[in-house]
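Here are the chains, one letter per residue:
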Amino acid sequence: MASETHDMASAAASGLPGAEPMHTADAGGMPQLDFGSFPNQIFWLLVALAVIYWLLSRIALPRIAGVLGDRQGAIAGDIAAAEDFKRKAEEAEAAYEKALAEARANAQKIAGETKAEIQKDLDAAIVKADAEIAARAAESSKRIMDIRDGALAAIDAVAKDTAGEIVAALGGKADTSAVNGAVDARMKG
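Since we're looking at a predicted model, the values are computed, not measured.

Helix and strand counts for the chain stand at three helices and zero strands. Ordering the α and β elements of the chain from the N terminus gives α-α-α. Among the 189 residues that make up the chain, the fraction classed as buried is 3%.

Maximum bend of helix α2 (residues 38–169): about 45°, positioned at Leu 56. Burial in α2 covers these residues: Asp 156, Lys 160 and Gly 164. The elements touched by buried residues of α2 are α3 (176–188). Backbone geometry just downstream of α2 places Gly 171 in the positive-phi region, at approximately 95°.

Taken over all residues, the pLDDT of the chain has a mean of 83, while the share at 70 or more is 85%. Averaged over each element, pLDDT in the chain is lowest for helix α1 (residues 2–14) (48) and highest for α2 (91). Counted against residues more than four places away or in other chains, residues 1–9, with its pLDDT under 50, gives three contacts. Low pLDDT, under 50, characterises residues 22–26; the predicted model gives this stretch five contacts beyond four residues in sequence or across chains.

As enumerated under the stated definition, the model contains four salt bridges in all. Glu 91 is the partner of Arg 87 in a salt bridge, and the nearest nitrogen-oxygen pair spans 2.9 Å. Taken together, the residues span about one helical turn, with Arg 87 and Glu 91 both in helix α2 at a distance of four residues. With a relative accessible area of 39%, Arg 87 lands in the partly exposed category.

A word on the UniProt feature "coiled-coil region" (unreviewed entry) in the chain. When the UniProt feature table is mapped onto this chain, "coiled-coil region" (unreviewed entry) is found at residues 82–109. Between the end C-alpha atoms of residues 82–109 the distance is 40 Å, and the span holds 100% helix and 0% strand.

A separate point is a nonpolar patch on the surface. There is a patch of nonpolar side chains on the surface, built from Ile 52, Leu 56, Leu 61, Ile 64 and Leu 68 and spanning about 450 Å² of accessible area. On the secondary structure map, Leu 56 appears in helix α2.

A separate point is the packing of α2 against α3. Contact geometry for α2 and α3: axes closest at 9 Å, N-to-C directions at 130°. Between α2 and α3, the interaxial angle falls into the category oblique. Considering how the two elements wind past one another, α2 and α3 form a crossing that is right-handed. For the pair α2 and α3, contact is made by Ile 155, Asp 156, Ala 159, Lys 160, Ala 163 and Gly 164 and by Val 179, Asn 180, Val 183, Asp 184 and Met 187, respectively. For the contact of α2 with α3, the class distribution of residues is six nonpolar, two polar and three charged.

What counts and what doesn't
Residues numbered from 1 in each chain as written. Predicted model: local features only at pLDDT ≥ 70, side-chain atom pairs only at ≥ 80, totals over all residues. Heavy atoms only, no water. Helix = DSSP H or I, 4+ residues; strand = E, 2+ residues; numbered from the N terminus. Buried < 20%, exposed > 50% of the residue type's maximum accessible area, 1.4 Å probe, protein only. Bend = angle between axes of the 7 residues up to and from the residue. Contact = heavy atoms within 4.5 Å. pLDDT = per-residue confidence, 0-100. Salt bridge = Lys/Arg side-chain N within 4 Å of Asp/Glu carboxyl O. UniProt positions renumbered as here; feature names shortened; annotations may be inferred. Patch = residues over 30% accessible without salt bridge, like charges linked within 9 Å, V, L, I, M, F, W, Y side chains within 5 Å. Areas by Shrake-Rupley, 256 points an atom, 1.4 Å probe, with all protein chains shown as cover. Axes fitted to C-alpha atoms, helices over the stretch in contact; angles between N-to-C directions. Parallel < 35°, antiparallel > 145°, perpendicular 65-115°, else oblique. Left-handed = near helix turned anticlockwise from the far one by under 90°. Nonpolar A, V, L, I, M, F, W, Y, C, P; charged D, E, K, R; others polar.

In structure tokens, the structure reads:
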């Protein structure tokens, strides 16, 4: 077959009758550049472009537009949800700060009330202790006075007995009323 093609090409080149020019790959040109097939190529090019346009406009582009719309809606929804969560977080933070401030105020109030109550109890305990101390001091003062009076009486009695004994030891007779009068006079000053 290769020899027949070569023979026909030689016959066509030699100009023999009955030999038609044949377009082969060996002819040395590209079929797309053959000006004789341009109208056919242009027709099929327009048909292919029309089919591609129809496929794109009816099937591919609506699907792409739908996907893009869905994505845009999802993005907008996510942004709105994020803003909502942000707002809720800010509200929660404000509520937390408010509750914390109220808790601190309540704690300070309770601490103040407890301090006042403790101070009141302390003041009452101090007053009670002062009263007990004053009562004990008065009782102790009374006892001291009693002891002092008892000691003075005892000193008086001892002085009178001692004076009587001294007078008797010196060889005199001691008059009890005279000894008592002399000791009383000396004790008074």
